[in-house]
Amino acid sequence: MDYLEIHEFDPKLKKKLPETFKILNSSSVRISPHVKKITLHGSRGPAGKFRPDSDLDLCLVTDIDIRLVPEHLLDALLLRILLTTQQNSQCPVKLDVAAIFDHVGCGLRCFYVDKYKKLKCRNESDGCMGVYKLQEDGKGVLLPITRVEKIYPYLTIWQR
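Okay, so let's go over this structure. (Residues numbered from 1 in each chain as written. Predicted model: local features only at pLDDT ≥ 70, side-chain atom pairs only at ≥ 80, totals over all residues. Heavy atoms only, no water.)

Moving on, we get to the pairing of strand E5 (residues 95–102). The element E5 is extensively covered by neighbouring structure, given that 8 of its 8 residues are classed as buried. Across the two faces of E5 the burial is the same, with Leu95, Val97, Ala99 and Phe101 and Asp96, Ala98, Ile100 and Asp102 all buried. Here strand E4 (residues 56–65) runs beside E5; their pairing, made up of 7 bridges, is parallel. Each bridged residue has a counterpart across the sheet, and for Asp57 the counterpart in E5 is Asp96. On the question of chirality, the crossover connecting E4 to the parallel E5 by way of helix H3 (residues 71–88) is right-handed. Where E5 meets strand E6 (residues 129–134), 5 bridges bridge the pair, whose relative direction is antiparallel. Paired with Ala99 across the two strands is Tyr132, which belongs to E6. (Buried < 20%, exposed > 50% of the residue type's maximum accessible area, 1.4 Å probe, protein only. Helix = DSSP H or I, 4+ residues; strand = E, 2+ residues; numbered from the N terminus. Pairing = 2+ DSSP bridges. Right-handed = clockwise from strand over helix to strand, strands pointing away.)

Structure representation (structure tokens):
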């Protein structure tokens, strides 16, 4: 399977979250070529207060334009993107990954500002981005996004 191996993370990660940086820097993180950006969320991210057994919450922001992918192929493509990271990465803590894709043609501007207050988006309505996650049984599920502000806070840790 084709994948990209991440060798360098954004320098802000080391400065803002040194423990998480150590974990990721000692890991082998591999992603699908469809991933254009990785953002870190949750307790090992900017939210803080992680426990020793906390996982790493990563959003894999993809270059998929849902308007160009036939609906019957979307599930398999998104599943392949997640499995590329899950099956090929080696990390001392569990990686909890989600594939993010543009659902309405907005360019996912919400992943290019660091605070929700700075977001000037015409699509603040429900369902503006697609979120695809793996369930415990290994099957993928398309989750509805209810409010864009729920993705904050996050930290971009890598981008093409």
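From this point, the narrative continues.
As a further point, take the environment of Gly45. Structurally, Gly45 is set in the loop between strand E3 (35–41) and E4. Separated by 111 residues in the primary sequence, Gly45 and Thr156 have C-alpha atoms spaced 9.8 Å apart. Residues in contact with Gly45, not counting those within four places in the same chain, are Leu17 and Leu40. (Contact = heavy atoms within 4.5 Å.)

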